[in-house]
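# Architecture at a glance
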Amino acid sequence: MSISRQSSESGRPTPAVGWRTVDIVVAGVIAVAFGAVFQVWNLAWAAASPAFVAFPPLQGLMYGVWMIPGVVVPLVVRRPGAALLGEAIAASASALFGAQWGLLTVGYGLAQGAAAELIFAFGLYRRWGLPSAILAAAAAGAAATLLDVAVYYAEWSPAWQLAYAALVIPSSAAIGGIGSWLLVRSLVQTGVLSGFASGRDQREV
């Protein structure tokens, strides 16, 4: 398992590609915890739906919470595949906890996690700052929007579909991106992440 920090040629940080046992355990714990949060948010989404009956796309403002584990987990463990793993486990836990969308919830988790993963991959798993967090969450939100439009909102007018995307994606960027970055930053300040690169390099978190 590689835990290399430096490139011998350039001196620039290189990604640690091997997963340690502690990485797997911590990623799983975080993801399952957010699976429980998801289930609470699922119920809140259902309860709030009548308030948006006049303009349903407006409910997209609530969406960002579902993007958090796909950003928090990779920011903490900094391993390839962490975004996909975090979002997939959280979605699976949510489904087991009784999410009203059943197994489709897992499909959403995989799509959202894969979209976020692409952003960290494009940064060669070296960029873990706020811009990457925002872009990863926004990409996850875009993936979820495409699924929603295809599965649930195909009958909406194009204007409503575009309005929905224009609300879901910024909500994802703000709550799932900025919110996740702030959460990890606060954890770093407590010292609980001292065993991870994210805890040792506060300037990047």
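As a starting point, this report considers the structure included with it. The structure presented is a predicted model; accordingly, all values stated were derived computationally and were not measured.

What counts and what doesn't
- Residues numbered from 1 in each chain as written.
- Predicted model: local features only at pLDDT ≥ 70, side-chain atom pairs only at ≥ 80, totals over all residues.
- Heavy atoms only, no water.
- Phe/Tyr/Trp six-rings, centres within 6.5 Å; stacked < 30°, edge-to-face > 60°.
- Helix = DSSP H or I, 4+ residues; strand = E, 2+ residues; numbered from the N terminus.
- Buried < 20%, exposed > 50% of the residue type's maximum accessible area, 1.4 Å probe, protein only.
- Lys NZ or Arg CZ within 6 Å of the ring centre and 35° of its normal.
- Axes fitted to C-alpha atoms, helices over the stretch in contact; angles between N-to-C directions.
- Parallel < 35°, antiparallel > 145°, perpendicular 65-115°, else oblique.
- Left-handed = near helix turned anticlockwise from the far one by under 90°.
- Contact = heavy atoms within 4.5 Å.
- Nonpolar A, V, L, I, M, F, W, Y, C, P; charged D, E, K, R; others polar.
- Salt bridge = Lys/Arg side-chain N within 4 Å of Asp/Glu carboxyl O.

### Here's the deal with the packing of aromatic side chains
- One pass over the full model with this rule turns up 13 aromatic pairs.
- Their ring planes at 85° and their centres at 5.7 Å tell us that W45 and Y63 sit as a pair that is edge-to-face. A residue pair is termed long-range when its members are at least 10 positions apart, and W45 in helix α1 (residues 21–48) and Y63 in the loop between α1 and α2 (69–77) qualify at 18 residues.
- For Y63, a relative accessible area of 4% translates into the label buried.
- When the ring of Y63 is compared with that of W66, the centres are 5.0 Å apart and the planes differ by 80°; the resulting orientation is edge-to-face.
- One aromatic cluster is present, formed by W45, F55, Y63, W66, W101, Y152, Y153, W156, W160 and Y164 through successive ring pairs.
- Here R20 stacks its cationic end above the ring of F196, 5.3 Å away from the centre of that ring.

### Things to note about the packing of α1 against helix α3 (residues 82–96)
- Relative to each other, α1 and α3 sit at 50°, their axes nearing to 7 Å. Of the possible angle classes, the one that applies to α1 and α3 is oblique. Here α1 and α3 pass one another in a crossing that is right-handed. In contact with A27, G28, A31, V32, F34, G35, F38, Q39 and N42 of α1, α3 contributes L85, G86, E87, I89, A90, A91, A93 and S94.
- Of the residues contributing to the contact of α1 with α3, the split by class is 10 nonpolar, six polar and one charged.

### Side note on the pattern of salt bridges
- Per the counting criterion, the structure on display carries two salt bridges.
- A salt bridge links D23 to R20; its shortest N-O distance comes to 2.9 Å.
- In this structure D23 comes out as buried when scored by relative accessible area, which is 0%.
- Where D23 meets R79, a salt bridge forms, and the shortest distance between an N and an O atom there is 3.2 Å. You can see D23 sitting in helix α1 and its partner R79 sitting in the loop between α2 and α3, a full 56 residues away along the chain.
- In the salt-bridge network here, residues are joined through shared partners; they are R20, D23 and R79.

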